[in-house]
Amino acid sequence: MHNRRSMQALSIRNLSKTYANGVTALRGIDLDVAEGDFFALLGPNGAGKSTAIGIVTSLVNKTGGTVEVFGHNIETELEKAKACIGVVPQEINLNQWDTVYNCVYNPAGFYGLSAKRSRIRTETCLRELQLWERRDETARNLSGGMKRRLMIARALVHKPKLLILDEPTAGVDIEIRRSMWDFLRHINQKGTTIILTTHYLEEAENLCRHVGIIDDGRIVENDRMSAVLRKLHQEVFLLNLEESVPADFQLQGFSSTVVNENEIEVEMHKGTSLNQLFKALSAAGINVTSMRNKTNRLEELFMRLVERREDERTREVTEPEQRI
Ligand code: ADP
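Calculation notes
- Residues numbered from 1 in each chain as written.
- Predicted model: local features only at pLDDT ≥ 70, side-chain atom pairs only at ≥ 80, totals over all residues.
- Heavy atoms only, no water.
- Helix = DSSP H or I, 4+ residues; strand = E, 2+ residues; numbered from the N terminus.
- Expected span 1.5 Å × (residues − 1).
- Buried < 20%, exposed > 50% of the residue type's maximum accessible area, 1.4 Å probe, protein only.
- Arc of directions from axis to C-beta.
- Contact = heavy atoms within 4.5 Å.
- Pairing = 2+ DSSP bridges.
- Axes fitted to C-alpha atoms, helices over the stretch in contact; angles between N-to-C directions.
- Parallel < 35°, antiparallel > 145°, perpendicular 65-115°, else oblique.
- Left-handed = near helix turned anticlockwise from the far one by under 90°.
- Near = heavy atom within 4 Å.
- Polar contact = N/O pair within 3.5 Å; in protein donor to acceptor, adjacent residues only side chain to side chain.
- Areas by Shrake-Rupley, 256 points an atom, 1.4 Å probe, with all protein chains shown as cover.
- Nonpolar A, V, L, I, M, F, W, Y, C, P; charged D, E, K, R; others polar.

Right, let's get into helix α4 (residues 115-128). When the terminal C-alpha atoms of α4 are compared, their 20 Å separation across 14 residues agrees well with the 20 Å that a helix rising 1.5 Å per residue should span. Inspection of α4 places Ser118, Arg121, Thr122, Cys125 and Leu126 among the buried residues, and these make up the whole buried set. Each buried residue of α4 lies within a common arc of 125 degrees when the element is viewed along its axis, so the set occupies one face. For α4, the elements touching its buried residues are α3 (100-110) and α5 (144-156). Just downstream of α4, Gln130 is the residue with a positive phi angle, here 55 degrees.

Strands sit in the order β2-β1-β4-β5 across an open sheet of 4 strands; the sheet is antiparallel. Bordering the open sheet on either side are β2 (24-34) and β5 (72-73), each of which pairs with just one other strand. Inspection of the sheet shows strand β4 (residues 64-69) paired to β5 by 2 bridges, in the antiparallel sense. The residue bridging Val69 from the neighbouring strand is His72, located in β5.

Where α3 contacts α5, the axes come no closer than 8 Å and their chain directions differ by 25 degrees. The angle between α3 and α5 falls in the class roughly parallel. Between α3 and α5 lies a crossing whose hand is right-handed. Side by side, α3 and α5 meet where Val100, Cys103, Val104 and Pro107 of the first sit next to Leu150, Ala153 and Arg154 of the second.

Take the environment of Pro246 next. For Pro246, the position within the fold is in the loop between β11 (234-241) and β12 (255-260). For Pro246, a relative accessible area of 48% puts it in the partly exposed group. Between the alpha carbons of Pro246 and Glu261 there is a distance of 6.4 Å; along the sequence they are 15 residues apart.

Turning our eyes to something else, we now look at unusual backbone geometry. One non-glycine residue with positive phi stands out, namely Ser58, at about 55 degrees. Judged by relative accessible area, Ser58 falls into the partly exposed class, the value being 31%. In this model, Lys159 sits at a positive phi of 55 degrees, which is unusual for a non-glycine residue. Among the structural elements, Lys159 can be located in the loop between α5 and β7 (162-166).

Every residue near the ligand is listed here: Tyr19, Asn21, Val23, Ala25, Pro44, Asn45, Gly46, Ala47, Gly48, Lys49, Ser50 and Thr51. Here an oxygen atom of the ligand sits 2.8 Å away from a polar atom, N or O, in the main chain of Ser50. Within the contact set of the ligand, an oxygen atom lies 2.5 Å away from a side-chain nitrogen or oxygen of Thr51. When the ligand is considered free in solution it has 560 Å² of accessible area, and contact with the protein chains removes 63% of it. Broken down by element, the shell around the ligand gets its largest block of residues, 3 residues, from helix α1 (residues 49-56). Split by residue class, the shell around the ligand holds 5 nonpolar, 6 polar and 1 charged.

Right, here's the structure in full:
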């Protein structure tokens, strides 16, 4: 029924969620993730990222809208949709008394894999995540970083086409973060579509080709990572002018718009010297009475992300955790 060439790994339409306590976490979002993509759902804490992931992975009931996973509607074809998805949750939710082996082997059965196939896939996944040597230990004996790797192995046991990770590196140290990044890049190159939620801009920047930015239950940006970064590095200045300018006025060498006859907006790439702007203004015979930096909504959002990251850094120093 669906066109193979334009296959979407995930297609979300007008998705909304209001929790029983009255909190509206999603206000009708649309989102498409193409097959093969590496997609970041980025946003500050409380934006609605986990809610969106929870709905896609059928842990949370939606209030409205539709979700399709590789063309399978999660309401009408839940089992087929589920078979396409591997999930790595934010919280460690391993059965801590199971052996490492069984943490991966047991769920394989839930996906309908035969015993033989389950054994083969369990070994493959544990080897890929460098946990094969630890297979007979109980999960609770593993370090934090290993537990996270074990959750990834478990998520991959049924060879899902879409891997979803909710804040995969929150609170893990830099070494583990980098080795997880390498692994994720590797499986994405081999064809697995990956969606991750993160509030680390750096993580999205390093890994992802596309980014959706969510804030207060709304998608506020959805573009290629490179385009978002470009927008982020753009600054807009509002200049008040002593004399009026014609409606079609253009400031030489800059991208400018006339707001009204005594006010223009000038776009500048961050790092461009303001002297260049003033040179161009002088050359045009324009006197500026005042100027201000127009706030960039995207930048404000990122400032909040960065502030949070700094809080966490401080926390990481005071609470060292999860060494391999
Ligand atoms: P994020 O993952 O971006 O941090 P969440 O999806 O966890 O955001 O949360 C979005 C909003 O929904 C927040 O205001 C949060 O407090 C609220 N929320 C999340 N889970 C629940 C829940 N189970 N019950 C009530 N409110 C919730």
